[in-house]
Amino acid sequence: MIPVKSNRDIDLMRRACKITAAARELAGGMVRPGVTTHEIDKAVHDYIVSQGAVPSFLNYNGYPGSACISINEQVIHGIPGNRVIKEGDIVSIDVGAYIGGFHGDCAATYAAGAIDPEAQRLIDVTRQSFFEGIKFARQGYRVSDISHAVQAYVENNGFSVVRSFVGHGVGEKLHEEPEVPNFGSPGRGPRLVKGMTLAIEPMVNQGTYEVKVLKDHWTVITADGKLSAHYENTVLITDGEPEILTVCEGL
Ligand code: MF3
Ligand code: CO
């Protein structure tokens, strides 16, 4: 069953998602050479708590951080720690906040200082693939119409989409139905209905789409060691334009 949110639920989702988006903004603004991933994670934690919310990821299946911070060939679920960000790194930051019974979930990839132009192109294509996808995040389309649009844009730009991790419904639980893959033929999967809230999150690799998980059981890296980028927002299906709920109104 795919949860359909009431107007009241949606107001609560908006509040959770605004805090989540502000936490992403704060974290992204901290990305520069010399900063540790722990410092960013702590800032995310303290901000979310200061808003009366709870970091969604902290202790989720035993996850030890409030943010996932994934550098270069790390795709997702990088664990914050004493690693120092260096010039030229690309840094993916994923955050979630829970308040009023609902979660927000969003992510983006940031450049540390001057980066390789191809790394910047990877970041830009990843972000734009999300916007290509949400052209189909409308009542009447099916889930895989989003998936197909993301995949087509990414592959037309010479990159690949991760297959073994997918987007998802988000609401009272961090992960709800439906799964929202970033690949597939159009016209498949559940039909989208007003009131559904989806975390649409392309994970895009420079080389092969294949990934592996490190021995820490969390960090997902590209199988070929090439770069990866991530971009995610929580999106509301309406009877018109999709609404991005993870928007930041300033810190
Ligand atoms: N934001 C991730 C997602 O979209 C969740 C991170 S997993 C966690 O699925 F364990 F860190 F919470
Ligand atoms: Co997500």
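Everything here concerns the structure above.
The present account deals with the structure reproduced in this document. (Residues numbered from 1 in each chain as written. Chains lettered and ligands numbered in written order. Predicted model: local features only at pLDDT ≥ 70, side-chain atom pairs only at ≥ 80, totals over all residues. Heavy atoms only, no water.)

Before going further, it helps to spend a moment on helix H3 (residues 117-134). For H3, spanning 18 residues, the distance from its first C-alpha to its last is 26 Å, which sits close to the expected 26 Å at 1.5 Å a residue. Residues Ala 119, Leu 122, Ile 123, Val 125, Thr 126, Ser 129, Phe 130, Glu 132, Gly 133 and Ile 134 constitute the buried set of H3. (Helix = DSSP H or I, 4+ residues; strand = E, 2+ residues; numbered from the N terminus. Expected span 1.5 Å × (residues − 1). Buried < 20%, exposed > 50% of the residue type's maximum accessible area, 1.4 Å probe, protein only.)

A separate point is the pairing of strand S14 (residues 233-236). Of the two faces of S14, the one holding Asn 233 and Val 235 and the one holding Thr 234 and Leu 236 are both buried throughout. The sheet contact formed by strand S9 (residues 197-200) and S14 spans 4 bridges and is antiparallel. Bridge pairing in S14 places Ala 199 opposite Thr 234. As paired elements, S14 and strand S15 (residues 243-244) share 2 bridges and run antiparallel to each other. By the bridge assignment, Val 235 is partnered in S15 with Ile 244. Where S14 hands over to S15, the hairpin turn is made up of 6 residues, counted between the paired strands. (Pairing = 2+ DSSP bridges.)

Time to look at the coordination of the cobalt ion (ligand 2). Coordination of the cobalt ion (ligand 2) by the protein comes from Asp 105 (OD), His 168 (NE2), Glu 201 (OE) and Glu 232 (OE), over a distance range of 2.1 to 2.3 Å. In the primary structure, the donors to the cobalt ion (ligand 2) are separated according to the pattern D-x62-H-x32-E-x30-E. Of this pair, Glu 201 sits in the loop between S9 and strand S10 (203-205) while Glu 232 sits in the loop between strand S13 (228-230) and S14, placing them 31 residues apart in sequence. Residue Glu 201 is classed as buried on the basis of its relative accessible area of 6%. (Donors = N, O, S within 2.8 Å, 3.2 Å for Na, K, Ca; no water.)

Quick look at the site of ligand 1 now. As a matter of local geometry, ligand 1 sits amid Phe 57, Tyr 60, Tyr 63, Cys 68, His 77, Asp 94, Asp 105, His 168, His 175, Glu 201, Trp 218 and Glu 232. Note that an oxygen atom of ligand 1 is positioned 2.7 Å from one of the side-chain N or O atoms of Glu 201. The residue inventory of the shell around ligand 1, partitioned by class, reads 5 nonpolar, 3 polar and 4 charged. (Near = heavy atom within 4 Å. Polar contact = N/O pair within 3.5 Å; in protein donor to acceptor, adjacent residues only side chain to side chain. Nonpolar A, V, L, I, M, F, W, Y, C, P; charged D, E, K, R; others polar.)

To continue, consider the sheet that holds strand S6 (residues 160-161). Pairing within the open sheet is antiparallel, and its 3 strands lie in the order S6-S10-S13. Only two strands of the sheet have a single partner each, and these edge strands are S6 and S13. Pairing analysis gives 3 bridges linking S10 to S13, with the strands arranged antiparallel. In the sheet register, Met 203 faces S13, and the bridge partner there is His 230. In the packing of H3 onto the sheet, the strands contacted are S10 and S13, and the crossing angle to S13 comes to about 35°. (Contact = heavy atoms within 4.5 Å. Axes fitted to C-alpha atoms, helices over the stretch in contact; angles between N-to-C directions.)

Roughly 320 Å³ of internal volume is contained in the largest pocket. Around the largest pocket, the lining comprises 19 residues; the ones closest to its centre are Tyr 60, Ile 76, His 77, Asp 94 and His 175. In terms of residue class, the lining of the largest pocket is made up of 10 nonpolar, 5 polar and 4 charged. Taken as a whole, the second largest pocket encloses approximately 230 Å³ of empty space. (1 Å grid on protein atoms, 1.4 Å probe; cavity = no way out; pocket = protein on both sides within 12 Å on 5 of 7 lines; lining within 4 Å. Points joined across faces, edges and corners; volume = space filled by probe spheres on them.)

Aromatic rings considered in pairs are described by the distance between their centres and by the relative angle of their planes. On inspection of all chains with the given rule, the structure shows 5 aromatic pairs. Relative to Trp 218, the ring of Tyr 63 lies with its centre 4.9 Å away and its plane at 80°, an arrangement referred to as edge-to-face. Here Trp 218 lies in the loop between strand S11 (211-213) and strand S12 (220-222) and Tyr 63 lies in the loop between strand S1 (54-55) and strand S2 (67-71), a separation of 155 residues in the sequence. Across this residue pair, the class does not change: Tyr 63 and Trp 218 are buried. Seen in terms of ring centroids, Phe 130 and Phe 131 are 5.0 Å apart; in terms of plane orientation they differ by 90°. Their pairing is edge-to-face. With relative accessibility at 0%, the residue Phe 130 sits in the buried group. Given a relative accessible area of 25%, Phe 131 falls into the partly exposed group. An aromatic cluster is defined as three or more aromatic residues linked by ring pairs; in this entry it consists of Phe 130, Phe 131 and Tyr 231. Directly above the ring of Phe 183 sits Arg 163, whose terminal nitrogen or CZ lies 5.3 Å from the centroid. In this structure, Arg 163 is placed above the aromatic ring of Tyr 209, and the distance from its NZ or CZ to the ring centre is 3.9 Å. (Phe/Tyr/Trp six-rings, centres within 6.5 Å; stacked < 30°, edge-to-face > 60°. Lys NZ or Arg CZ within 6 Å of the ring centre and 35° of its normal.)

Purely geometric numbers; function is a separate question.
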